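Examination of the molecular architecture
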Amino acid sequence: MAQDTVVVLAAGIVGVSAALWLRRAGARVVLIDRDAPGQGASRGNAGVLAACAMVPVTQPGLMREAPGMVPRRDSPLFLRWPHLPRLAPWLVRYLSHAGDAETRRIAAALAPFVTDSVEQHAALASGTAAERWLEPCDYAFSYRDRAAFEADGYGWARRAAHGFEPVLHEGAAVRDVEPALGPGTGLLARVPGHGFVRDPGPMSPISPPPSKPRAER
Ligand SMILES: Cc1cc2nc3c(=O)[nH]c(=O)nc-3n(C[C@H](O)[C@H](O)[C@H](O)COP(=O)(O)OP(=O)(O)OC[C@H]3O[C@@H](n4cnc5c(N)ncnc54)[C@H](O)[C@@H]3O)c2cc1C
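Residues numbered from 1 in each chain as written. Predicted model: local features only at pLDDT ≥ 70, side-chain atom pairs only at ≥ 80, totals over all residues.

Things to note about the environment of D116
This is how the line gets drawn: In DSSP terms, a helix is any run of H or I states spanning at least four residues, a strand is any run of E spanning at least two, and both are numbered starting from the N terminus.
If you trace the backbone, D116 turns up in the loop between helix 4 (100-114) and helix 5 (117-125). Residues D116 and P183 lie 67 residues apart in sequence; the distance between their C-alpha atoms is 33 Å.

See below:
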């Protein structure tokens, strides 16, 4: 590669990854951000290397379920009513993707980004101090019972189409796999081949040094 300087804008995990691979390919790289590296969403996320997470939230059934979620305070859909007029045009466009053909299209487009997350993170961190933050693990979905799992069958069919089949554990066997789960989980769908980042902030291989304590006056 020619020694031209490549400018990468934004130093989250996406920009840092791009910059590191460009450096490894021999390019000169300038990474630009208004803040220190890894301070955005890449700092405080859940750290799951979610290889099977290609199924979008917008999937068939969402239109049916969403209205029932809005009034429930414990539902995953939270709405600030005064924002509704401004939100409505976006919401209509968003919900228009909740059909079978769109869900398949989105899952197929996301799959190449997520299915090799574990391998990509390992390769990125290889030979750096960031290696110690990576842990292999399974990824599990908890259900009240088999009926609830089967009601989620559409998503599992999409994951299976991309090579991710769950191993099912039911009843007392759930606690053998994950003792922290209570009796409310009657079925655990465990998908091997995942991982997590123990602390996404310091994982950034070029994290800034800790800020110096302020001098006493
Ligand atoms: C609560 C939460 C949990 C999540 N959990 C997971 C998870 O478990 N697994 C997973 O894979 N993903 C998870 N995600 C998603 C994941 O965190 C993001 O997809 C990822 O961090 C996005 O990285 P990024 O580099 O694109 O953006 P960011 O990390 O947000 O970086 C964007 C950078 O752009 C900079 N920037 C913005 N505007 C400007 C400007 N005008 N000029 C200069 N710089 C600018 C910011 O300072 C920032 O450094 C989660 C997200 C959230 C919010």
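Describing unusual backbone geometry
To keep things clear, this is the line we draw: Exposed residues have 12 or fewer other C-beta atoms within 10 Å of their own C-beta, buried residues have 20 or more, and residues in between are partly exposed; the C-beta atoms are placed from the backbone.
Its identity as a non-glycine residue notwithstanding, A10 has a phi of 90 degrees, on the positive side. Mapped onto the elements of the fold, A10 is located in the loop between strand 1 (5-9) and helix 1 (13-24). A10 gets classed as partly exposed once you count the C-beta atoms within 10 Å, which come to 18.

Some details on the domain arrangement of the chain
Put simply, the rule is: Throughout, the edges of the domains are those of an automatic or database domain assignment. Each residue gets a C-beta atom placed from its backbone, and two residues are in contact if those atoms lie within 7 Å. Asp, Glu, Lys and Arg are counted as charged, while Ala, Val, Leu, Ile, Met, Phe, Trp, Tyr, Cys and Pro are counted as nonpolar; the rest, among them Gly, fall into the polar class.
You can read the domains of the chain as domain 1 (1-43) and domain 2 (116-204). Once you take the C-alpha centre of each, domain 1 and domain 2 turn out to be 29 Å apart. Taken together, the contact pairs eight residues of domain 1 with four residues of domain 2. Looking at the side of domain 1 that touches domain 2, its residues break down into four nonpolar, three polar and one charged.

What to know about the pairing of strand 1
Convention followed: Only strands that DSSP links by at least two bridges are regarded as paired with each other. Handedness is read with the strands pointing away from the viewer; a crossover is right-handed when the path from the first strand over the helix to the second is clockwise.
Relative to strand 2 (residues 28-32), strand 1 runs parallel, the two sharing five bridges. When the bridges of strand 2 are listed, T5 appears paired with R28. Between the parallel pair strand 1 and strand 2, the chain is carried across by helix 1, and the sense of this crossover is right-handed.

Some details on the site of the ligand
For the record, the criterion: Nearness is defined per residue: the C-beta atom, placed using the backbone, must lie within 6 Å of the molecule or strand.
Lining the immediate environment of the ligand, one finds 18 residues, of which G12, G40, S42, N45 and A46 sit closest. Tallying contributions element by element places helix 1 first for the shell around the ligand, with three residues. In terms of residue class, the shell around the ligand is made up of eight nonpolar, seven polar and three charged.

Describing the nonpolar core
Put simply, the test is: Buried Ala, Val, Leu, Ile, Met, Phe, Trp, Tyr and Cys residues form a nonpolar core when they are connected through C-beta atoms within 7 Å.
One finds C52, M54, A107, W133, V197 and M203 to be the most contacted residues of the largest nonpolar core, which totals 13 residues. Leaving out residues up to four positions away in the same chain, M203 has contacts with A130, W133 and V197.

Re helix 3 (residues 84-95)
Note the cut-off: One less than the residue count of a helix, multiplied by 1.5 Å, gives the span that helix is expected to have.
The end-to-end C-alpha distance of helix 3, which contains 12 residues, comes to just 14 Å, noticeably less than the 16 Å that a straight helix rising 1.5 Å per residue would cover. Burial analysis of helix 3 places just zero of its 12 residues in the buried class, which makes it a mostly uncovered element.

Some details on the environment of E178
For E178, the location among the structural elements is in the loop between helix 8 (173-177) and strand 6 (187-197). Owing to 14 C-beta atoms within 10 Å, E178 belongs among the partly exposed residues under this scheme. Along the backbone, E178 and A140 are 38 residues apart, and their C-alpha atoms lie at a distance of 9.5 Å. Contacts of E178, omitting those with residues within four sequence positions, involve A140 and L188.

Some points on the confidence of the model for the chain
Basically, it comes down to this: As a per-residue quantity, pLDDT reports the predictor's confidence and falls between 0 and 100.
The pLDDT averaged across the chain works out to 90; a share of 92% of its residues lies at or above 70. The lowest-confidence element of the chain is helix 9 (residues 200-203), averaging 78 in pLDDT; the highest-confidence one is strand 5 (residues 167-170), averaging 98. Throughout residues 207-217 the model reports pLDDT below 50, and contacts reaching past four residues in sequence, or to other chains, amount to six contacts.

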